[in-house]
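Single-letter residue listing:
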Amino acid sequence: MGEGNSLEVRLAGFNTDAENRSSTPETLSAAYARISRDPRPIGLLRREAASEMERARESNRRIVFGYGHGSVAEHAFFNFDLLDLSRLAAEAVQSFRLASFTEKSQRYIRLERDWVIPEEVPSALRDEWTASLEGLFGLYGRACRALEEAGLSEGRAREDARYLLPLATSCQMGMSLNARELEHMIRRLSAHPLAEVRQLSSQLLDSAEGVAPSLLRHLEPVAMDHLAWQHPEPGNLELPGDVALVRGDDDGVVGARLLQRDRGGSLKTARHGWPDLESDEKRRLFRNVLGSLGPYDALPREWELACFTFEVVVSASAYAQLKRHRMSTQLVSAYSPALGIRVPSSFADNGLEGLLEEADAISQAWGQRLDDRAAEYMFTNAHRRAVVVRLNAREMYHFARLRLDSHAQWDIRDLAGRMVDLAVAAAPLTMASAAARGSGGASPR
């Protein structure tokens, strides 16, 4: 990877009917669409679709777009290589829930002059833009060396030094998704305010359209697609410790369902009866479930009934990990210098805060010269944004297991610890084992 605008999308693969030597995933979609109305064996339906590709495509157009059965498009699956995409644009891509991503990690890899020059930077300012990026990467290199000399491991030095890297830093990722989500992604990305993201949308369409034209039709953005990218300024936030529980369900939400399962009757009746139960009986109902959990077991779906809504302020580095929990609801603000920067303890311990102050000055200077969204390219991993996050209790357990683990990065681990503490305070029986599962345990209190 190098400097400049060299975004590249490669269609790495897609599923086909191997038995019938089909060259497109469309024949599988067409064959499976017929299952509900055609009594013939599936194998025969697949063979017929593979032998009559144009008829299969017309069938897809009629069923998916004429009748509105969009789930048929989910049988077609694609794999893409995304190269030389900025970390800022990567956030837009990874906001889609029904896709899989694996990204080059700044935590494990030492970076060298890998950045994007966005179209929004006028040509007259590009030399200055490049000089600023050189400056930030220079600060990153200085931090890596200083932290290693202070006794940190090479990996930990990289992990903390990356707080100096800008969101213009380029990355690469592998992405896999079905045709229905791909169509949604292409349409929504095409409405993004940044040219780089719109270019990505165009390249995704160019790569996949020739393979599955009958499954990619609704591509013109609508008002909702534009609304999705409107990130408000955070304003003056009052969040002690940068984390607040805005709303959290109590133990009665899950407890009532456990009571219903234990005694029968309606959920409404169980909800009314829950407050009258003795404490020991309430603990018994939860212990019957939590006591049998292994460290990697998912909780029963009853835990999805309870939800917790948080407002948090996180660094770009921590958000890069928070955003991977795509089954949660996440509503983000713009990055804002007004929220300050996240300073790794290793910087404070070794007198390196000045490097972050230099980086912040570079970022803020560009914030006064460019449109707000384009200026975010020059913000660093230390800069922060506000996020409203809503997770159900089942997802909270998953979040705790991954982000409270000793291998988790310190920034997201700190955030997860505060969120779990607040959830436990709101629903102590429902969340009884969350902290223990984060360290590999599963025993309820």
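This one's a predicted model, so the numbers in the text were calculated from it and none came from an experiment.

Asks: I would appreciate a short explanation of the packing of helix 1 (residues 26-33) against helix 3 (residues 53-66) in the present structure.
Replies: Axis angle and axis distance: for two packed helices, these are the angle between their axes and the distance between the axes, and together they describe the pair. Following both chains from N to C, one finds helix 1 and helix 3 inclined at 60°, their axes separated by 9 Å at the closest point. By the angle between their directions, the pair helix 1 and helix 3 is classed as oblique. Considering the relative orientation of helix 1 and helix 3, their crossing is left-handed. Contacts between helix 1 and helix 3 involve Glu26, Thr27, Ser29, Ala30 and Ala33 on the former and, on the latter, Met53, Ala56, Arg57, Asn60 and Ile63. Looking at the contact of helix 1 with helix 3 residue by residue, the classes come out as five nonpolar, three polar and two charged.

Asks: What am I meant to see in the environment of glutamate 395 here?
Replies: Its place among the elements puts glutamate 395 in helix 17 (residues 393-403). Assessed through its relative accessible area of 14%, glutamate 395 is described here as buried. On a C-alpha basis, the gap between glutamate 395 and aspartate 360 in space is 35 Å, while along the polypeptide they are 35 residues apart.

Asks: Looking at this structure, I do not really get the environment of glycine 417. What am I missing?
Replies: If you trace the backbone, glycine 417 turns up in helix 18 (residues 410-426). Between the C-alpha atoms of glycine 417 and leucine 404, which are 13 residues apart in sequence, the distance is 6.6 Å.

Asks: Can you walk me through the confidence of the model for the protein in this structure?
Replies: Any region with low pLDDT has predicted coordinates that should not be read closely. Mean pLDDT for the protein: 92, with 97% of residues reaching 70 or above. Per-element mean pLDDT across the protein ranges from 67 in helix 19 (residues 434-438) up to 98 in strand 1 (residues 8-14). Every residue in residues 439-445 scores below 50 in pLDDT, and together they form 18 contacts with partners more than four places removed in sequence or on other chains.

Asks: Looking at this model, I keep getting lost on the pattern of salt bridges. Mind explaining?
Replies: When the charged atoms of two side chains lie near each other, side chains of opposite charge can form a pair. Evaluation of the coordinates by the stated rule reveals 34 salt bridges. Between aspartate 114 and lysine 104 there is a salt bridge, with its nearest N and O atoms 3.5 Å apart. With a gap of 10 residues between them, aspartate 114 in the loop between strand 3 (99-103) and helix 5 (126-149) and lysine 104 in the loop between strand 3 and helix 5 connect regions that are remote in the sequence. Across the pair, exposure class does not vary: aspartate 114 and lysine 104 are buried alike. The salt bridge partner of aspartate 280 is arginine 283, with a shortest N-O separation of 2.3 Å. Taken together, the residues span about one helical turn, with aspartate 280 and arginine 283 both in helix 12 (residues 279-290) at a distance of three residues.

Asks: I would appreciate a short explanation of the sheet that holds strand 2 (residues 77-86) in the present structure.
Replies: The pairing of strands in a sheet happens through backbone hydrogen bonds and is either parallel or antiparallel. The four strands lie next to each other as 1-2-4-3, forming an open sheet whose pairing is antiparallel. The open sheet terminates on both sides in strands that have one partner only, identified here as strand 1 and strand 3. Averaged over all pairs of adjacent strands, the angle between strand axes in this sheet comes to 20°, irrespective of strand direction. As judged from the six bridges shared by strand 1 and strand 2, these two strands associate in the antiparallel manner. When the sheet's bridge partners are listed, glycine 13 is paired in strand 2 with asparagine 79. Strands strand 2, strand 3 and strand 4 (170-178) of the sheet are contacted by helix 7 (residues 179-189), whose axis makes an angle of about 130° with strand 4. Across the sheet, helix 8 (residues 195-209) lies against strand 1, strand 2 and strand 4, angled at about 150° from strand 2, the strand it touches most.

Thresholds, definitions, all that
- Residues numbered from 1 in each chain as written.
- Predicted model: local features only at pLDDT ≥ 70, side-chain atom pairs only at ≥ 80, totals over all residues.
- Heavy atoms only, no water.
- Axes fitted to C-alpha atoms, helices over the stretch in contact; angles between N-to-C directions.
- Helix = DSSP H or I, 4+ residues; strand = E, 2+ residues; numbered from the N terminus.
- Parallel < 35°, antiparallel > 145°, perpendicular 65-115°, else oblique.
- Left-handed = near helix turned anticlockwise from the far one by under 90°.
- Contact = heavy atoms within 4.5 Å.
- Nonpolar A, V, L, I, M, F, W, Y, C, P; charged D, E, K, R; others polar.
- Buried < 20%, exposed > 50% of the residue type's maximum accessible area, 1.4 Å probe, protein only.
- pLDDT = per-residue confidence, 0-100.
- Salt bridge = Lys/Arg side-chain N within 4 Å of Asp/Glu carboxyl O.
- Pairing = 2+ DSSP bridges.

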